[in-house]
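Descriptive analysis of the structure
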Amino acid sequence: MSTPPKTLGKLPASAFGTLEIARLPQTIVAGFKALVDLTGTVSDAMDNLGFFAALPASSLPPSLPGQRVVGHAVTVRNVERQQSVHLAAKEGINRMGETEAYNLAKPGDVIVIEGIFGCSNMGGQSSTIAHRQGCAGAIIDGSYRDPDASREAGFPVWARGVTQITGKWRLETVAVNTRVSICNVSVDAGDLVLADDAGVVFVPRAHAAAILEEARKIDAGDTKRKQDIDAGVDIGALVTKKYK
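The following refers to the structure shown.

Reading the values: rules and limits
Residues numbered from 1 in each chain as written. Predicted model: local features only at pLDDT ≥ 70, side-chain atom pairs only at ≥ 80, totals over all residues. Heavy atoms only, no water. Core = buried A, V, L, I, M, F, W, Y, C linked by side-chain atoms within 4.5 Å. Buried < 20%, exposed > 50% of the residue type's maximum accessible area, 1.4 Å probe, protein only. Helix = DSSP H or I, 4+ residues; strand = E, 2+ residues; numbered from the N terminus. Contact = heavy atoms within 4.5 Å. Arc of directions from axis to C-beta. Salt bridge = Lys/Arg side-chain N within 4 Å of Asp/Glu carboxyl O.

With that out of the way, let us pick up the nonpolar core. Ranked by internal contacts, the top residues of the largest apolar core, which has 37 residues, are Phe-32, Val-42, Val-112, Ile-139, Phe-202 and Val-203. If you tally residues by element for this core, the top one is helix H7 (residues 208–230), at five residues. Here Val-112 is in contact with Ala-73, Val-74, Thr-75, Val-76, Ile-139, Val-180, Ile-182, Val-187, Val-193 and Phe-202, once residues within four sequence places are set aside. One finds Ile-111, Met-122, Ala-130 and Ala-189 within the second-largest nonpolar core, a separate group that totals 23 residues.

Structure, rendered in structure tokens:
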């Protein structure tokens, strides 16, 4: 019998939506990982099924080109601190609590932060801890700092920008594993996060199986069309043949 997860005591119990997120079967996670064009294919599948949760890399650029991430969302919500920076720094009380998310995460999970732009929602030591805990990467609607640390660790981050300004005196963490808003897209703890060079897609956990089924059809059609292009099939046939 597994030991129930425990918090670090940095946040009150009321800040946690859940200590243990519901997870998809590994066969579904593996199915998404096997897609050739990860976020593009799933974005198309979600369009077909009436969902929209795709964010382009122009909104959340990747820190490590060439990386692909598929994992469950462990969420963090940060808000602006209602106190002057000078007074907060003088008091020396850090109200950031994203380490609670790293503590609860399982290997392969993705940290998803609804944050503040212009100050750091994740620093170098923080990203190093997340990487050490087995997190696959981070999605941040806001800024992070010490990009060299996350790059050297091979820990990919998709964020709105990089900053040198600390968040310790400027923001506070108010929730972990609750619903967050990432660039106006709602994300629940346990949803599936897909990210690559093209951007980020959030797959609602309740609809993941149906979205994967549709994505596989699109993926198979795209693969066949690419094969026909490489084989020199006439362009007229390429534009008239239905692949997906």
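A separate point is helix H5 (residues 124–132). Taken as a whole, H5 has its buried residues at Gly-124, Ser-126, Ser-127 and Ala-130. The arc that holds the buried residues of H5, viewed along the axis, is 160 degrees, so those residues lie on one side. Summarising the geometry of H5, the exposed residues directed more than 90 degrees from the buried face are Gln-125 and Arg-132. Contacts made by the buried residues of H5 are with helix H4 (99–104) and helix H6 (147–153). Gly-134 lies just past H5 and shows a positive phi near 100 degrees.

All of the buried residues along helix H1 (residues 26–33) are Ile-28, Val-29, Gly-31 and Phe-32. Seen along its axis, H1 keeps its buried residues to an arc of 155 degrees; they face one direction. For H1, the exposed residues lying more than 90 degrees away from the buried face are Gln-26 and Thr-27.

As a further point, take the pattern of salt bridges. Under the definition given, this model contains six salt bridges. Between Glu-114 and Arg-77 there is a salt bridge whose closest N-O contact spans 3.6 Å. Here Arg-77 lies in strand S2 (residues 69–80) and Glu-114 lies in strand S3 (residues 110–114), a separation of 37 residues in the sequence. Owing to a relative accessible area of 18%, Glu-114 belongs among the buried residues under this scheme. Between Arg-160 and Asp-141 there is a salt bridge whose closest N-O contact spans 3.5 Å. Here Arg-160, found in strand S5 (residues 157–162), pairs with Asp-141, found in strand S4 (residues 137–144); they are 19 residues apart in sequence, far enough to count as distant. Judged by its relative accessible area of 40%, Arg-160 falls in the partly exposed class.

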